[in-house]
Amino acid sequence: MGRIVFRKMEKQEQTKMLPYLFRILHTNMSILAPTGCTYEDDRELWLSYIVPALESGNKQIMLMLLEDSVVGYAQYSINGNTLEMDEVEIIPQYQRTKLFYRFCQHMVNTLPEQVQFISSYVRKDNVNSISIHEGLRMKRIAENKSGTSWLYCGDRENAEARLRR
């Protein structure tokens, strides 16, 4: 697969990187959950949310690079003792490869010690993502307000054990 690097996106990279990251998100989500809006409208809505969240420090983005090219990213926050994973987006040709597995290993190995739990919302119709969450021994504990997604939560320790195999 080549050399894989994971690194946090730096603040000074936002202007250059965010349009590219949105392209990855839009490519994936237009298949899973099309909004019916134009690309530009979706992009503006996303930027209106993500830029302030990044500026405030509430959200972080981990870039996934393969041979110096960005092939995916994860958007997340750490809230007390919980890693809240918002998005994991990988370009189609690297989905269902070792990239995601290595990303998960990297995340659990580099989390601050106080992080003991992992949570994320998963669209109810995203069978692949549900399978991954359940494979990491995460449990379905709630539903979002609109009823389109499940909230999964799990122990960091369980995820680490599954990723060591």
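Up top is the structure.
Read on for an overview of the structure. No experiment lies behind these values; they were computed from the predicted model shown.

Cut-off values and rules
The residue numbers shown here count from 1 along each chain, following its written sequence. Only residues with pLDDT of 70 or above have their local features reported here, since the model is predicted, and side-chain atom pairs are shown and tallied only from 80 upward, although totals for entire chains, interfaces and linings are computed over all residues. The basis for every side-chain value is the complete set of heavy atoms in the structure, and neither hydrogens nor water enter the calculation. Helix and strand labels come from DSSP, where a helix needs a run of H or I of at least four residues and a strand needs a run of E of at least two; each type is numbered from the N terminus. Only C-alpha atoms enter the radius of gyration; for comparison, a globular chain is expected to reach 2.2 Å times N to the power 0.38, where N is the number of residues. Whether two residues are in contact is decided by their heavy atoms, any of which lying within 4.5 Å being enough. Note that accessible areas follow from Shrake-Rupley with a 1.4 Å probe, and for residues the cover is restricted to the protein chains shown. Charge counting follows a simple rule: Lys and Arg are positive, Asp and Glu are negative, and His as well as the terminal groups are ignored. Taken as the charge centre is NZ of Lys, CZ of Arg, CG of Asp or CD of Glu, depending on the residue. Polar contacts, as counted here, are pairs of nitrogen or oxygen atoms within 3.5 Å of one another; within protein the pair requires one atom able to donate a hydrogen and one able to accept it, and residues that are adjacent in sequence qualify only if both atoms are side-chain atoms. By this definition, two strands are paired if DSSP reports at least two bridges between them. In this analysis, rings of Phe, Tyr and Trp, with Trp reduced to its six-membered ring, are considered paired at centre separations within 6.5 Å, and the interplanar angle assigns stacked below 30 degrees, edge-to-face beyond 60, and tilted for intermediate values. In our convention, an over-ring charge means Lys NZ or Arg CZ found within 6 Å of a ring centre and within 35 degrees of that ring's normal. Axis lines are fitted through C-alpha atoms, for helices just across the contact stretch, and the angle between N-to-C directions can take any value from 0 to 180 degrees. When an angle is under 35 degrees it counts as roughly parallel; over 145 it counts as roughly antiparallel; between 65 and 115 it counts as roughly perpendicular; any other value is oblique. Whether a crossing is left-handed or right-handed is set by the direction in which the near helix is turned from the far one by less than a right angle, anticlockwise for left-handed and clockwise for right-handed.

1. Regarding the overall build of the protein
Within the protein, the regular secondary structure consists of five helices and seven strands. Ordered by position in the sequence, the α and β elements of the protein form the string β-α-α-β-β-β-α-β-α-β-β-α. For 165 residues, the compact-globule formula gives about 15 Å, and the C-alpha radius of gyration of the protein, at 16 Å, lands near that figure. In the protein, of all internal contacts separated by at least 6 residues, the share reaching a separation of at least 24 is 60%. Surface exposure of the protein reaches about 9500 Å², of which carbon and sulfur atoms provide 51%. Charged side chains of the protein number 21 positive and 20 negative; the gap between the two group centres comes to 6 Å.

2. Some remarks on the environment of Gln 105
Tracing the sequence through the fold places Gln 105 in helix α3 (residues 98-110). At 3.1 Å, the side chain of Gln 105 forms a polar contact with the backbone oxygen of Leu 163.

3. Side note on the pairing of strand β6 (residues 139-143)
Here four bridges tie β6 to strand β7 (residues 149-155), and the two strands are oriented antiparallel to one another. For Glu 143, the partnering residue across the bridge sits in β7 and is Trp 150. Connecting β6 to the antiparallel partner β7 that follows it, the hairpin turn spans five residues, and Gly 147 within it adopts a positive phi of roughly 80 degrees.

4. Side note on the packing of aromatic side chains
Each aromatic ring pair is characterised by the separation of its centres together with the angle its planes make. Enumeration over the complete set of coordinates arrives at four aromatic pairs. Ring geometry for Phe 22 versus Tyr 39: centroids 5.2 Å apart, planes at 70 degrees, classification edge-to-face. On the criterion of sequence distance, the pair formed by Phe 22 in helix α1 (residues 14-32) and Tyr 39 in helix α2 (residues 39-56) is long-range, its members being 17 residues apart. An aromatic cluster of at least three residues, connected via ring pairs, comprises Phe 6, Phe 100 and Phe 103. The ring of Trp 150 carries Lys 124 above its face, with NZ or CZ at 4.3 Å from the centroid. Sitting over the face of the ring of Trp 150, Arg 140 holds its NZ or CZ atom 4.3 Å from the ring centroid.

5. Focus on the packing of α3 against helix α5 (residues 156-163)
Geometry of a packed helix pair, given as the angle between the helix axes and the separation of the axes. It is at 10 Å that the axes of α3 and α5 come closest, and there the two elements cross at 135 degrees. Considering their axes alone, α3 and α5 lie oblique with respect to each other. Crossing hand, α3 versus α5: left-handed. The segment α3 lies against α5, with Tyr 101, Cys 104, Gln 105 and Val 108 engaging Arg 156, Ala 159, Glu 160 and Leu 163.

6. Re the sheet that holds β6
Strand order in the open sheet formed by seven strands is β1-β2-β3-β4-β5-β7-β6, and the pairing between neighbours is mixed. Edge strands, defined here as strands with exactly one partner in the open sheet, are β1 (4-8) and β6. Between one strand and the next, the sheet's axes are offset by a mean angle of 30 degrees, whatever the strand orientation. Relative to strand β2 (residues 60-66), β1 is paired through five bridges, and the arrangement is antiparallel. Across the sheet, residue Arg 7 finds its bridge partner in β2, namely Leu 63. Contacts from α3 reach β1, β2, β3 (69-79), β4 (82-90) and β5 (117-123) within the one sheet, and its direction differs from that of β4 by about 155 degrees. Strand contacts of helix α4 (residues 127-135): β5, β6 and β7, with the helix running at about 160 degrees to β5, the strand carrying the most contacts.

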